[in-house]
Amino acid sequence: MPKTDKDEVIEALCAASRVLVTSHVNPDGDAVGSVLALAQLARSLGADNVVMSLHDPVPRVYDWLAGVDDILPPDEVTGTFDTVLIADANSCERVGAVCSLIKGVSTVVIVDHHLTEERNGTVHLIDSTYAATGEIVVDLYDAAGVELDCAVAECLYVALSTDTGNFRYANTTARSHRAAARLIETGINVREITSRVIDTMTIGKFRLLRRLLDRAELGDGGRIAHGYILERDLAETGALAEDVDGLINYLRNLEGVQLAILIRESEPAVTKVSFRSQPTINAAEIAQHFGGGGHAMAAGASLPYPLQEAKTELFRYLREALKVDL
Ligand SMILES: [Mn+2]
């Protein structure tokens, strides 16, 4: 049988001795869960030293996962590595300051499910038909013949359930459910995980959501919903940056909306824009136009302008590219 991408990743991990595992900036459930599970897989396959590092702190909602306290900020990582494993991202830029730790490492393994033509590593397992990187990792455990224990299964269930909107989004397939079934068979408590990760909203996030909804506007005859969040909103509501995650869904869920846009003031003169769309609109293409990326129905970009200017640029592009009335 010809070697598959999965075989190559497993071979690379079997040959690895000092491994660094990382993922993208602003880590989500898939990033955190996949990093933890891949680090464990590398250990199971014989790596002597496995270090996990993320550019940003792990969001509080995932802080109970086994091994999370061992994830280091990049400036606390010491030593050298022969192998780097990048999960849920496909380029050095996406991993923030961890990028400086990757320079000169001979084997760079990329495990990702984002749409991309780029092949930046030395070993690639990139497949956008997977709902989550965590779903790929379930297959990797099986392909490697490594048993899934309950602690790893919790990490992967978090990865899978968060990236699929708890198995509701278009990316959810029969394979996603089979992967979930494999994880549930290890004895994880689905109700408890869902309650912690999906259903619980902090008061800060609730207040932030209230502001966003107050400012939400509809354009193009109700087909486009957009809203914005200011830098000061976080301090004033007691919300954390991670609480912005998921708020765009409230715009997307409005009846008739084909494209939801969340515009977020970031650093001075940097505005982050997120897109969620129906199948009629390719959100990844819009994001790519502004140097970002993502999936066909969920994507984002950072614009190098203050909020108002970014909004003007974005709307000008949308009017031209999509022929919409904004
Ligand atoms: Mn993902």
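Residues numbered from 1 in each chain as written. Predicted model: local features only at pLDDT ≥ 70, side-chain atom pairs only at ≥ 80, totals over all residues. Heavy atoms only, no water.

1. Comments concerning the environment of Arg182
Stated precisely, the cut-off is as follows: Only runs of H or I of at least four residues qualify as helices and only runs of E of at least two qualify as strands under DSSP, and these elements are numbered from the N terminus. Only protein chains enter the accessibility calculation, which uses a 1.4 Å probe; a residue is then buried when its area is under 20% of its type maximum, exposed when over 50%, and partly exposed in between. The criterion used for residue contact is that any of the two residues' heavy atoms lie within 4.5 Å. The term polar contact refers here to a pair of N or O atoms within 3.5 Å; inside protein, the definition further demands a hydrogen-donor-capable atom paired with an acceptor-capable atom, and it admits residues adjacent in sequence only when both atoms are side-chain atoms.
Inspection of the secondary structure assignment puts Arg182 in helix H6 (residues 174-184). The class for Arg182 is partly exposed, based on a relative accessible area of 28%. The residues contacting Arg182, other than those within four sequence positions of it, are Asp142 and Leu148. Among the polar contacts made by the side chain of Arg182, one reaches the side chain of Asp142 at a distance of 2.3 Å.

2. As for the sheet that holds strand E9 (residues 259-265)
Note the cut-off: Paired strands, in this sense, are two strands between which DSSP finds at least two bridges. Whenever a helix is involved, its axis is fitted only over the stretch in contact; in every case the axis is a line through C-alpha atoms, and angles between N-to-C directions fall within 0 to 180 degrees.
Strands sit in the order E7-E8-E9-E10-E12-E11 across an open sheet of six strands; the sheet is mixed. What marks the edges here is a single partner per strand, and that holds for strand E7 (217-219) and strand E11 (293-294). Judged from the three bridges that link them, E7 and strand E8 (residues 224-229) form a sheet pairing that is antiparallel. If you follow Glu217 over to E8, its bridge partner there is His226. Strand contacts of helix H8 (residues 203-215): E7, E8 and E9, with the helix running at about 130° to E8, the strand carrying the most contacts. Each of E7, E8, E9, strand E10 (271-277) and strand E12 (298-303) is contacted by helix H12 (residues 307-322), which is oriented at about 160° to E9, the strand it contacts most.

3. Observations concerning the domain arrangement of the protein chain
Quick note on the threshold: An automatic or database domain assignment supplies the residue ranges for each domain. Throughout, the accessible surface (probe 1.4 Å) given up by two parts as they are put together, summed over both, is called the buried area. By definition here, a salt bridge exists when the distance from a side-chain nitrogen of Lys or Arg to a carboxyl oxygen of Asp or Glu is within 4 Å. Under the scheme applied here, ten amino acids are nonpolar (Ala, Val, Leu, Ile, Met, Phe, Trp, Tyr, Cys and Pro), four are charged (Asp, Glu, Lys and Arg), and all others, including Gly, are polar.
For the protein chain, the assigned domains read domain 1 (5-198) and domain 2 (203-322). Taken together, the contact between domain 1 and domain 2 spans 10 residues of the former and 11 residues of the latter. Carbon and sulfur atoms make up 45% of the surface buried where domain 1 meets domain 2, a total of about 810 Å² over both sides. When the buried area of domain 1 at its contact with domain 2 is split by residue, Arg60, Leu115 and Tyr169 rank highest and sum to 51% of it. Our count for the contact surface shared by domain 1 and domain 2 stands at two salt bridges. Asp243 is the salt-bridge partner of Arg60, the closest N and O atoms lying 3.7 Å from each other. Where domain 1 touches domain 2, the interface holds three residue pairs in polar contact (both at pLDDT 80 or more). Split into classes, the residues belonging to the side of domain 1 that touches domain 2 amount to five nonpolar, three polar and two charged.

4. A look at the state of the cysteines
Note the threshold: Only a pair of cysteine sulfur atoms within 2.5 Å counts as a disulfide in this structure description.
A full pass over the atoms with the stated rule returns one disulfide. A sulfur-sulfur distance of 1.8 Å marks the disulfide that ties Cys92 to Cys99. The disulfide joining Cys92 to Cys99 has a torsion of about 115° about its S-S bond and is therefore right-handed. Not part of a disulfide, Cys155 finds its nearest cysteine sulfur in Cys150, a span of 10.0 Å. Take Cys155: its relative accessible area is 2%, and that puts it in the buried class.

5. Looking at the sheet that holds strand E4 (residues 83-87)
Read across the open sheet, the six strands follow the order E3-E2-E1-E4-E5-E6; overall the sheet is parallel. Both outer strands of the open sheet, strand E3 (71-72) and strand E6 (123-126), are each paired with one neighbouring strand and no more. Bridge count for strand E2 (residues 49-53) against E3 is two bridges, and the pairing is parallel. By the bridge assignment, Ser53 is partnered in E3 with Leu72. Helix H1 (residues 5-15) contacts E4, strand E5 (107-112) and E6 of the sheet and is inclined by roughly 135° relative to E6.

6. Quick word on helix H5 (residues 150-163)
Given 3.6 residues to a turn, an α-helix orients residues that are three or four positions apart in the same direction. Going by this rule: By definition here, a helix of n residues has an expected span of 1.5 Å times n minus one.
For H5, spanning 14 residues, the distance from its first C-alpha to its last is 20 Å, which sits close to the expected 20 Å at 1.5 Å a residue. The residue sitting at the N-terminus of H5 and contributing the capping side-chain oxygen is Asp149; that oxygen lies 3.2 Å from the backbone nitrogen of Ala151. Just beyond H5, the residue with positive phi is Gly165, at close to 60°.

7. Thoughts on the packing of helix H4 (residues 133-144) against H6
A pair of packed helices is characterised by two quantities: the angle between their axes and the separation of those axes. We apply this condition: Note on angle classes: values under 35 degrees are labelled roughly parallel, values over 145 roughly antiparallel, values of 65 to 115 roughly perpendicular, and the remainder oblique. Crossings are classed by handedness, with left-handed meaning an anticlockwise turn of the near helix from the far one by less than a right angle and right-handed meaning a clockwise turn.
Axis separation between H4 and H6 bottoms out at 10 Å; the angle between their running directions is 60°. Relative to H6, the element H4 is oriented oblique. Seen from above, H4 lies across H6 with left-handed handedness. Contacts between H4 and H6 involve Glu135, Val138, Asp139 and Asp142 on the former and, on the latter, Arg175, Ser176, Ala179, Arg182 and Leu183. Here the residues of the contact of H4 with H6 are counted per class, giving three nonpolar, one polar and five charged.

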